[in-house]
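Notes for the structure review
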Amino acid sequence: MRKNALARLADGIGLCVVSAVFLLPFVWMLLTSVKTPVEAIRIPIQWLPSVLQWDNYRAAWQSGPFPLYLKNSLCYSVGVIIVQLCTTIPAAYAYAKYSFRGKKLFFDLTMATMMIPSQLIFVPMYQMMSSWNLINSIWSLILPFSASAFSIFMMRQAFLNVPDELIEAARI
């Protein structure tokens with residue numbers, strides 16, 4: 001019993017140390033965001049600011065068109081999600097539940113695309129987007145991510161766990 005308590009204590013101490021290693025940079029970032037520039041670069045480090053500078057957030061927000069950045073990020077994220085769901089769900093379902101000639105070959109080729117470094121396709125992707133007149137548009141960011149081998153793989157694994165009887169019952 002005593003050995004078990006010591007092991008639990010060691011586990012707790014270890015978890016606290018690992019948590020501190022991961023949380024301290026985040027805490028440092030938050031505390032530095034409300035310091036004056038002089039306090040932020042002071043050596044030795046001053047953990048707590050002498051006066052909270054909430055004005056730093058207003059200045060940062062006004063330093064650029066953040067509403068536009070937020071709108072662009074939301075459009076990009078939602079666009080990629082919608083397009084990927086429309087392309088990867090049917091592909092994953094087909095790989096999981098249908099039998100067709102070349103299924104293993106096509107799936108292996110799909111998985112092999114994950115081994116191609118993204119840097120290798122930058123120039124061809126730019127040329128393709130340029131030929132489609134999509135340069136400087138949100139579509140030039142969304143379309144390259146329209147099909148994801150990783151998403152196909154993950155959804156295929158999920159579809160493989162769905163019993164065929166359940167799908168048959170849903171069709172009825």
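Notes on the structure in this doc start here. (Residues numbered from 1 in each chain as written. Predicted model: local features only at pLDDT ≥ 70, side-chain atom pairs only at ≥ 80, totals over all residues. Heavy atoms only, no water.)

Turning next to the side chain of serine 146. Here serine 146 lies in the loop between helix H7 (139-142) and helix H8 (149-160). In this structure, serine 146 is in contact with Val83, Gln84 and Thr87, ignoring residues within four places of it in sequence. (Helix = DSSP H or I, 4+ residues; strand = E, 2+ residues; numbered from the N terminus. Contact = heavy atoms within 4.5 Å.)

A few words now on unusual backbone geometry. A cis amide bond links isoleucine 43 to the next residue, proline 44, at an omega of 5 degrees. Mapped onto the elements of the fold, proline 44 is located in the loop between helix H2 (37-40) and helix H3 (55-62). Phi is positive for asparagine 133, close to 60 degrees, though the residue is something other than glycine. Within the fold, asparagine 133 resides in the loop between helix H6 (122-131) and H7. The backbone phi angle of asparagine 136 is positive, close to 65 degrees, even though this residue is not glycine. Position of asparagine 136 among the secondary structure elements: in the loop between H6 and H7.

These values are about where atoms sit, not about what they do.
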